[in-house]
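Each chain, written out:
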Amino acid sequence: LRYLTTIVWSTIVVLFFVTSLIGPQFAPEGSLLRSPAANMMSECFLDVLSKVLFLVVIVDVHYAIFDPVARTERRLEELRQLMAAVWESSSDVIAISVRAAGSGG
């Protein structure tokens, strides 16, 4: 995301200088770069493009984090680690008694 942001904002800055300073002075007469709206059009285009790229990254991260299967696996792994820590630190004996159905009692 850092590289994407760097590339997008660097492109916006370069395009600003091209459409504001270089284009009007060196572009041929009647060229789009001589138009006063060239700067605004190019910045709007890159702004929309950058927001679409950022949205794609955000949606991918959202699906990676909130994927139900991956989330369940992470939670089960955390539970395994917790239970392993409990069993390793336990020095007591645990006895489990189960009463079968139909047995007197």
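Please read these numbers as outputs of a predicted model, since none were measured by experiment.

Student: Go over the overall build of the chain with me, naming the residues and quoting the values.
Tutor: A tally of regular secondary structure across the chain gives three helices and zero strands. Starting at the N terminus and ending at the C terminus, the chain contains elements arranged as α-α-α. In terms of C-alpha radius of gyration, the chain reaches 31 Å, well past the compact-globule figure of 13 Å for 105 residues. Principal-axis analysis of the C-alpha atoms gives the chain an extent of 105 × 30 × 10 Å. Sequence-distant contacts in the chain: of pairs separated by 6 or more residues, those separated by 24 or more amount to 37%. About 9,000 Å² of surface is accessible on the chain, with carbon and sulfur atoms providing 68% of the total. Within the chain, one finds 8 positive and 10 negative side-chain charges whose respective centroids are separated by 5 Å.

Student: Describe the environment of Arg74, naming the residues involved and giving the relevant values.
Tutor: Examined against the element boundaries, Arg74 turns out to sit in helix 3 (residues 68-89). Look at Arg74 and you get partly exposed, because its relative accessible area is 38%. When the C-alpha positions of Arg74 and Asp47 are compared, they lie 37 Å apart, and in sequence the two are 27 residues distant. Discounting chain neighbours no more than four positions away, the residues touching Arg74 are Ala64 and Ile65.

Student: An account of the packing of aromatic side chains is needed here, citing residue identities and associated values.
Tutor: Enumeration over the complete set of coordinates arrives at one aromatic pair. Residues Phe16 and Phe17 carry aromatic rings whose centres are separated by 5.5 Å and whose planes lie at 75° to one another, so their mutual orientation is edge-to-face. Given a relative accessible area of 41%, Phe17 falls into the partly exposed group.

Student: Which residues make up the pattern of salt bridges, and what values do they have?
Tutor: Inspection of every chain in the model, using the stated rule, returns two salt bridges. In this structure, the salt-bridge partner of Arg80 is Glu77, at a minimum N-O distance of 3.1 Å. You can see Arg80 and its partner Glu77 sitting in helix 3, three residues apart, about one turn around the helix. On the accessibility criterion, Glu77 (36% relative accessible area) is partly exposed.

Student: Which residues make up a nonpolar patch on the surface, and what are the values?
Tutor: A contiguous nonpolar patch, built from Leu76, Leu79, Leu82, Met83, Val86, Trp87, Ile94, Ile96 and Val98 and spanning about 970 Å² of accessible area, is present on the exposed surface. Its place among the elements puts Trp87 in helix 3. Overall, Trp87 belongs to the exposed group, its relative accessible area being 54%.

Student: Which residues make up the confidence of the model for the chain, and what values go with them?
Tutor: In the predicted model, the chain carries a mean pLDDT of 83, and 96% of its residues have values of at least 70. Looking at the elements of the chain, mean pLDDT is at its lowest for helix 1 (residues 2-26), recorded as 83, and at its highest for helix 2 (residues 38-65), recorded as 88.

Student: Explain the environment of Ile65 to me, and be specific about the residues and the numbers.
Tutor: With respect to the helices and strands, Ile65 occurs in helix 2. For the pair Ile65 and Phe16, spaced 49 residues apart in sequence, the C-alpha to C-alpha distance is 37 Å. In this view, Ile65 contacts Arg71 and Arg74; residues no more than four positions away in its chain are not counted.

Definitions and limits used
Residues numbered from 1 in each chain as written. Predicted model: local features only at pLDDT ≥ 70, side-chain atom pairs only at ≥ 80, totals over all residues. Heavy atoms only, no water. Helix = DSSP H or I, 4+ residues; strand = E, 2+ residues; numbered from the N terminus. Rg over C-alpha atoms; globule rule 2.2 N^0.38 Å. Contact = heavy atoms within 4.5 Å. Areas by Shrake-Rupley, 256 points an atom, 1.4 Å probe, with all protein chains shown as cover. Lys, Arg positive; Asp, Glu negative; His and termini not counted. Charge placed at Lys NZ, Arg CZ, Asp CG, Glu CD. Buried < 20%, exposed > 50% of the residue type's maximum accessible area, 1.4 Å probe, protein only. Phe/Tyr/Trp six-rings, centres within 6.5 Å; stacked < 30°, edge-to-face > 60°. Salt bridge = Lys/Arg side-chain N within 4 Å of Asp/Glu carboxyl O. Patch = residues over 30% accessible without salt bridge, like charges linked within 9 Å, V, L, I, M, F, W, Y side chains within 5 Å. pLDDT = per-residue confidence, 0-100.

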